[in-house]
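Observations on the three-dimensional arrangement
Here's the letter readout for the chains.
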Amino acid sequence: MCSLVCTDYPVLQEHVELHLEESSFLEGRNSHDLELAQHIQNEEMRQRREAARREREDFQKLQRQYGLDGSGGYKQQSLKNMEREVAQGRMLPAEYHKRKAEMMESFAFGHDDGKTRTSGITEVLGHYYRSESKESKDIKRIWLSMGVDHYHCSLGDKGWGCGYRNFQMMLSSLLRNSTYQECLKDHKSIPCIPKIQWLIENSWKEGFDPQGASHFNSRLQGTKAWIGACEIYSLLTSLSLKCQIVDFHEPTGPLGTHPRLLEWVMNYYNSDKENNAKVVCTSKPPIYLQHQGHSRTILGIEERKNKSLCLLVFDPGCPPQETQKLLKGIDGYNLRLIRRFAGGLKHKQYQVVAIDGVLSEEEKEARRQASQLFVAQRIP
């Protein structure tokens, strides 16, 4: 065991026992170290599996959130929700088959069926502001877009279709304006959502916004993919419409508000500085407004006697029974549907897309080339 020489037996016995105890301790410690190492390795493997699982679930959640999970698009969601309506007794089977046939006809021609449209609100607003009603006396001046139809989300696009519905609103105004008739000669009716998806894909094929095309894997048709300001800009530019994206990337007022955004909108509409009328019905198209998770359409702006500004906004998420109340008579109460004061614009970041003219072929080509170099900031 060792080189020690002992002449005393009890000392020898005690010394040998100490060696045996030391040997047993070392064996036990080695066994414990092995168990500890195995435990650490197993824990690391468990943590890696858990991290991979969370990453996979987060990715799937993002895919679902932005409509890229392969669960189908407008058609599939429409049919599924109509079937649910029938099962719950809120729709008769005959109505289901009628609406399904109408939907398939709409897809075949690429035209919107008009079932989500409310027309005439901007005209009623003009009459209201010209009146001397008690509610309108606080208004110093009001600027309105050329007539805009309201389009709301339906069973087929609820939860993801706001960008497409806002494009329909913008187009409903452009089609009334002779300035844009030539470049829209192939689009004399409002397209349905699948057709709008095809138009955006076509703008990518032309070379507009390759970054955006990559973001969506160059595919929107058959998905529930959310679109934003960048996709609207690419689509409008591919149609030879002169437009710009303006990014209000941080608040410019107290309590996280965006007064600079409201001032920009007023300057956009107030191009005729010599027109001092209280109600100015401009020839300007409406403005696309994007913030985190949603988009709306700006159809006008109020300047009040206390110098504050208030946007007039169409929201695709607003149900038709509410917007149609404006057609029956406008007052301060139901105007709350469309008014957005500075205190109601508290998202961290906003983007607007505004149209102001028509592009020549040379200008369009220059913008196409520029879009291939420019990396835009996207607000989902």
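Note that the structure is a prediction, hence the values are computed from the model and not measured.

Conventions adopted
Residues numbered from 1 in each chain as written. Predicted model: local features only at pLDDT ≥ 70, side-chain atom pairs only at ≥ 80, totals over all residues. Heavy atoms only, no water. Helix = DSSP H or I, 4+ residues; strand = E, 2+ residues; numbered from the N terminus. Polar contact = N/O pair within 3.5 Å; in protein donor to acceptor, adjacent residues only side chain to side chain. Buried < 20%, exposed > 50% of the residue type's maximum accessible area, 1.4 Å probe, protein only. Arc of directions from axis to C-beta. Contact = heavy atoms within 4.5 Å. Expected span 1.5 Å × (residues − 1). Pairing = 2+ DSSP bridges. Axes fitted to C-alpha atoms, helices over the stretch in contact; angles between N-to-C directions. Left-handed = near helix turned anticlockwise from the far one by under 90°. Nonpolar A, V, L, I, M, F, W, Y, C, P; charged D, E, K, R; others polar.

Topic: the environment of Asn81
Here Asn81 shows up in helix α2 (residues 74-87). Measuring from C-alpha to C-alpha, the distance between Asn81 and Ser154 comes to 9.9 Å, with 73 residues separating the pair along the chain. In terms of polar contacts, Asn81 uses its side chain to reach the side chain of Arg84, at 2.6 Å.

Section: helix α9 (residues 259-269)
Looking at α9, one finds that the buried residues are Leu261, Leu262, Val265, Met266, Tyr268 and Tyr269. Buried positions in α9, seen along its axis, are confined to an arc of 160 degrees and lie on one side of it. Buried positions along α9 lie against β2 (139-144), β4 (241-248), β6 (287-291), β7 (294-304), β8 (309-314) and β10 (350-358).

Looking at helix α12 (residues 361-373)
In this model, α12 (13 residues) spans 19 Å end to end at C-alpha, consistent with the 18 Å of a helix rising 1.5 Å per residue. All of the buried residues in α12 are Lys364, Arg368 and Ser371. Looking down the long axis of α12, one finds its buried residues gathered within 65 degrees of arc, a one-sided arrangement. Within α12, the exposed residues directed more than 90 degrees away from the buried face are Glu362 and Leu373.

Side note on the pairing of β2
Most of β2 sits inside the fold, with 5 of its 6 residues counted as buried. Pairing geometry for β2 and β7, over 5 bridges, is antiparallel. From the neighbouring strand, Ile142 faces β7, where its bridge partner is Glu302. One ladder, built from 3 bridges, connects β2 with strand β5 (residues 279-281); its direction is parallel. The partner of Trp143 across the bridge, within β5, is Val280.

What about the packing of helix α5 (residues 162-174) against helix α8 (residues 229-238)?
Running from N to C, α5 and α8 point in directions that differ by 35 degrees, and their axes come no closer than 11 Å. Here α5 and α8 pass one another in a crossing that is right-handed. Between α5 and α8, the contacting residues are Gly163, Phe167 and Met170 on the first element and Ile232, Leu235 and Leu236 on the second. In terms of residue class, the contact of α5 with α8 is made up of 5 nonpolar, 1 polar and no charged.

Some words on the environment of Tyr151
Examined against the element boundaries, Tyr151 turns out to sit in strand β3 (residues 150-151). Among all residues touching Tyr151, those that are not within four sequence positions of it are Asp112, Thr116, Arg117, Arg165, Gln168, Met169, Ser172, Ile190 and Pro316.

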